[in-house]
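A structural walkthrough
So the chains spell out like this:
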Amino acid sequence: MTTDRKLLQELIIQPGTGKALELRRGQVLRIAQTAGRQCADFNCFNLHDYKEFFHTGRTRHLHGMHPTKGDFLWSAPPRERPMMAIIEDTVGTNDVLYPRCSGFLFEHHYGLAVHTNCHDIQAEAQREYGLTPDDVHDSFNFFMHTGVSPDGHPYIAKNTAKAGDYVELQALMDVLAVPNVCGADVMMTSDFELKPLKLTIFEASDTDWAKVTEPPRMKNQRSPDMFKIRSIKADRELYKDAAYQPDFTNVPLEISEVEIDLNDEEMALLSRLAGTGKYGETDAEVLRYVFHTWWIDKFMRGPKHVPKD
Amino acid sequence: MATTKIKLRLNQQQLELIDNTIKSGESNSRDDLIRRALREFAKARLPAAEQDK
């Protein structure tokens, strides 16, 4: 088993900038602090099909609002594949809740019409590969220390990353990885000072691969050859396809009535559950709620979405 | 023993979930599976649910 990594590339990105980097499957990108307390925004595309890109929503759903070592960066539906694995994280304060900062935000909130911002930095870095500002997607925010207040609003806390801290991302497919130095110098994000970040690309060792358990493939992780329209729309105007025929999955959804015989003891349990007022209006609604939440608790894979009362 | 019939409204996808669970060996029938869910759910949650009422 190899433990030594082969160094492939090393560079520093300065405040106000980012860099698009090609990574092949099995290569590792390290994003490291130079002075500390610096947020790194990050975009990621399938190198061979830019329409597959990192999805904060699915990543947040599967790993929570602060993904860290052992978690994956997932692509958007209908692909929904793990694009990269986080194999090291020396801080543990990452964020997939906040969107990238933008020119609009600094103009609207601060009165600064021309200002470094992660959207425009990403767009400029991605332009090297022919992508447009519309292709920049919601970012993974490394070293961004965030939370949610009891009233449901997100907040940014003081950045705790120190010089030398780093995250490492191992590519599970060929990707265009685009880190940038977050441009928000008038927000808490990077402690009101923008600092360079050091980027290093390695060839993963066997030890790196041993840290990654790739999730099993599912039929619904679809590729464009499974789409009804396989080519990318090339014009901006939207117009109706006169030949369109709806073809929604499993439609029509047909309701059946299924009779369940409950003995006196079971009926008493159902009545008590109904009496709590928590599970439905009718006995049938309560029983359906009970069955599905029991099933989720017992058999569902992945994070449970039903509270424990 | 007297029984009471409860009519559950379920679509074909929900029935597929139930039938797949039966096929996996968890139960012998839709009826048995749903009654098992009721007993286990009540055992786990009823005391707290009634307390919170």
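Before any of the text, the structure's been laid out above.
Residues numbered from 1 in each chain as written. Chains lettered and ligands numbered in written order. Predicted model: local features only at pLDDT ≥ 70, side-chain atom pairs only at ≥ 80, totals over all residues.

Quick notes on the packing of helix H5 (residues 264-275) of chain A against helix H6 (residues 283-299) of chain A
All names here are of chain A. Contact geometry for H5 and H6: axes closest at 10 Å, N-to-C directions at 95°. Relative to H6, the element H5 is oriented roughly perpendicular. Two secondary-structure elements touch here, H5 through Leu270, Leu273 and Ala274 and H6 through Asp283, Val286, Leu287 and Val290. Looking at the contact of H5 with H6 residue by residue, the class counts come to 6 nonpolar, no polar and 1 charged. (Axes fitted to C-alpha atoms, helices over the stretch in contact; angles between N-to-C directions. Helix = DSSP H or I, 4+ residues; strand = E, 2+ residues; numbered from the N terminus. Parallel < 35°, antiparallel > 145°, perpendicular 65-115°, else oblique. Contact = placed C-beta atoms within 7 Å. Nonpolar A, V, L, I, M, F, W, Y, C, P; charged D, E, K, R; others polar.)

Let's talk about the sheet that holds strand S1 (residues 6-13) of chain A
Residues and elements named next belong to chain A. The antiparallel open sheet is built from 6 strands, whose spatial order is S1-S13-S3-S11-S7-S6. Sheet topology places S1 and strand S6 (72-74) at the edges, where each strand pairs with a single neighbour. The mean inter-strand angle of the sheet, taken between neighbouring strand axes irrespective of direction, is 20°. By the bridge criterion, 5 bridges tie strand S7 (residues 82-89) to strand S11 (residues 166-171) in an arrangement that is antiparallel. In the strand pairing of S11, alanine 85 is matched with glutamine 170. (Pairing = 2+ DSSP bridges.)

Re the pairing of strand S4 (residues 40-46) of chain A
Residues and elements named next belong to chain A. Counting buried residues along S4, 6 of its 7 residues qualify, which places the element largely inside the surrounding structure. Strand direction decides the pairing type here: S4 and strand S8 (residues 140-142), joined by 3 bridges, are antiparallel. Across the sheet, alanine 40 pairs through a bridge with phenylalanine 142, a residue of S8. Alignment of S4 against strand S12 (residues 175-181), held across 7 bridges, turns out to be antiparallel. Directly across from phenylalanine 45, in S12, lies its bridge partner leucine 176. Relative to strand S5 (residues 49-53), S4 runs antiparallel, the two sharing 2 bridges. (Buried ≥ 20, exposed ≤ 12 C-beta atoms within 10 Å, placed from the backbone.)

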